[in-house]
Amino acid sequence: MLKKLCQCIGLSSLILVMNYGDLLGGGADVRMHVPFALTGICLAQIADILVLGLVLFAILAPLQRTRFYPLVRLGLAIVVPPYLIARMRAEFPFPILDGFLLLGAVIWATILLVLLLKFNSHYRRLVRFGDAVGVFFFVFAVCSIAQLCVVMTWKPGPQQHTVAWAHTAQPPREHPLLVWIIFDELSYDQVFEHRAKDLALPNFDALRNQSTLFTDVQPIGYKTVKIVPSLLTGHTIDDYRFGFRNSFKVHYTGVHGWHTVNGTNTVFADAQKAGWRTSAVGWYNPYCTIYAGSIDDCYWMNLDRIDGNMSQRSSFWRNTWSPLQQVVREIKAPERADRDTCTYDVRQRLKTHLDLNQHATQVLHTDQADFVFLHIGVPHSPNIWSRIDDNYTQFCDSSYIDNLGLADRILGETMKTLQASPRWKDTSIIVQGDHSWRINLWDWLPAWTDEDDAASRNGFDPRPAVIVHQAGQTQPQTNATPWSLLNVHSVIENVLHNQPTHY
């Protein structure tokens, strides 16, 4: 019975591993992108492993001494391997289509039945091997639980810090202003070159009419986690490490060794040295942890869904129940389970967006910071805006094109605030994407819509959008030469040091 219990717990850990796999090995990637402790998430994951294991044991243990157990064991041998592959196929280095998965399951079941009926001795050896593998599963479960316990001890860095001038009455600020906005996943192709016919982006067009538009921007990476610190430091980053004590080390392309990144080697520090007040409101990256010393007024947030339909702000019971409920739904109604996950994702992203938008609006209205950095998680999936309703949505029913409409709306509100400031004539603005619309990341997910499919027919265009408005500029200009996205760093440095910018 003890052996059977261990096997059930081991099997449970593998069934649920896609919910907590990112937390194994220290969970560095998850830790880097969540602002709160992971204690509740880890406890819920451990509870799920144990609860599901006990449920499986409660079902199988009474059957072990009955004449039906050989049939039960055969059923488990037929079902478990294909089911585990189906649950974990996203981790395979190659795609596994539903048809191939079904064919493989049929072939596997046929092999087992042939062994049982024609080569019974070989079948018994296979069953004994399966029992041994089940014990190994338990070892995996113990190691997983131990690693989750370690992650529970992690303490996040600051999620916010502020200064008096940002939240107390101050005289009007007399200083040049630089506003740098990163719209995550903003595609030049979709905004300007092959815009959807029914998509109006009046605020992007208005900014373009008094700015320089770059039409051939060369990307410097595929992922935000590398691109943003590259832009901040001025060096292309091809790898990174986030330590358990929240240290951030990177590997620069073509440079030997690992280098610690903090506020001292970024444009934030350069701005402070030049006498500029710095402020940042950002999504996804821990700006207030990594760059704390060089950002005077800082806020970052990410309430997005964690694998298994969990979130940091949900209760322990909610985070325990949700993944188990999802496992059942995946068996009963796979398509509904996918849609439920997508809807949960949308609602969590909406919470993140509304929170960040509130803080970004406050920074702009206060008009006391001189260098304002805004990292906005739009038009990045999941899509939280509906053009049909002209409002936010809480369901998985919108497209990248909808989120472009939201990005335009945010830009319009930002520009309205900036143009109402006495500092408008001395205001420089950079609006950009960190990367383009990464079609291959999204086109297989339930959030993908017919409108997405129609908009993506030209294929993946790697060019992120970049628009630069220099203080006092009133006429549109176009730069059609190949232009590295890393040049944004130089543009910022020129503005901070009151030097002319030549493209």
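Everything in this summary refers to the structure shown in the same document. (Residues numbered from 1 in each chain as written. Predicted model: local features only at pLDDT ≥ 70, side-chain atom pairs only at ≥ 80, totals over all residues. Heavy atoms only, no water.)

Notes on the pairing of strand β9 (residues 297-301)
Here comes step 1: By the criterion of burial, β9 is predominantly enclosed, with 5 of the 5 residues buried.
Here comes step 2: With burial as the criterion, each face of β9 is covered, one bearing Asp 297, Tyr 299 and Met 301 and the other bearing Cys 298 and Trp 300.
Here comes step 3: Two strands pair when backbone bridges link them, and strand β1 (residues 160-161) and β9 are joined in this way by 2 bridges, in the antiparallel orientation. In the strand pairing of β9, His 161 is matched with Cys 298.
Here comes step 4: Both strand β8 (residues 278-283) and β9 contribute to a ladder of 5 bridges, which runs parallel. Counted as the bridge partner of Gly 282 is Trp 300 from β9. (Buried < 20%, exposed > 50% of the residue type's maximum accessible area, 1.4 Å probe, protein only. Helix = DSSP H or I, 4+ residues; strand = E, 2+ residues; numbered from the N terminus. Pairing = 2+ DSSP bridges.)

Quick notes on the nonpolar core
Here comes step 1: With 54 residues, the main nonpolar core has Phe 183, Leu 186, Phe 204, Val 372, Leu 374, Leu 418 and Val 431 as its most contacted residues.
Here comes step 2: A per-element tally of this core places helix α16 (residues 400-419) first, with 9 residues.
Here comes step 3: By size, the runner-up hydrophobic cluster in this structure holds 44 residues, among which are Met 32, Ile 237, Tyr 291 and Ile 492. (Core = buried A, V, L, I, M, F, W, Y, C linked by side-chain atoms within 4.5 Å.)

Here's the deal with the side chain of Thr 427
Here comes step 1: For Thr 427, the position within the fold is in strand β13 (residues 427-432).
Here comes step 2: Look at Thr 427 and you get buried, because its relative accessible area is 0%.
Here comes step 3: At a separation of 2.7 Å, a polar atom in the side chain of Thr 427 contacts the main-chain carbonyl oxygen of Arg 423. (Polar contact = N/O pair within 3.5 Å; in protein donor to acceptor, adjacent residues only side chain to side chain.)

Points about the sheet that holds strand β3 (residues 212-214)
Here comes step 1: Within the open sheet, the 9 strands sit side by side as β1-β9-β8-β10-β2-β13-β14-β3-β15. Their pairing is mixed. Of all the strands in the sheet, just β1 and β15 (477-479) have a single pairing partner and so form its edges.
Here comes step 2: Note that β13 and strand β14 (residues 466-469) share 4 bridges and pair antiparallel. Looking across to β14, one finds that Val 431 is bridged to Ile 467.
Here comes step 3: Sitting on the sheet, helix α15 (residues 334-366) is in contact with β1, β8, β9 and β10 (371-376), with an inclination near 165 degrees to β8.
Here comes step 4: Here α16 sits on the sheet and contacts β2 (177-183), β10 and β13; the angle it forms with β2, its principal contact strand, is near 175 degrees. (Contact = heavy atoms within 4.5 Å. Axes fitted to C-alpha atoms, helices over the stretch in contact; angles between N-to-C directions.)

Some details on a nonpolar patch on the surface
Here comes step 1: A surface patch of nonpolar side chains, about 510 Å² in accessible area, is lined by Leu 97, Phe 100, Leu 103, Ile 107 and Ile 111.
Here comes step 2: One can find Leu 103 in helix α6 (residues 98-118).
Here comes step 3: Looking at Leu 103, the relative accessible area reads 47%, which means it is partly exposed. (Patch = residues over 30% accessible without salt bridge, like charges linked within 9 Å, V, L, I, M, F, W, Y side chains within 5 Å. Areas by Shrake-Rupley, 256 points an atom, 1.4 Å probe, with all protein chains shown as cover. Salt bridge = Lys/Arg side-chain N within 4 Å of Asp/Glu carboxyl O.)

Comments concerning the state of the cysteines
Here comes step 1: The final tally for this structure, using the stated rule, is 2 disulfides.
Here comes step 2: The disulfide partner of Cys 288 is Cys 298, and the S-S distance across this bridge is 2.1 Å. Classification of the bridge connecting Cys 288 and Cys 298 rests on its S-S torsion, roughly -95 degrees, and on that basis the disulfide is left-handed. With Cys 288 in helix α13 (residues 287-290) and Cys 298 in strand β9, the pair connects residues that are 10 residues apart, well separated along the chain. (Disulfide = S-S within 2.5 Å.)

In short, geometric facts, not functional conclusions.
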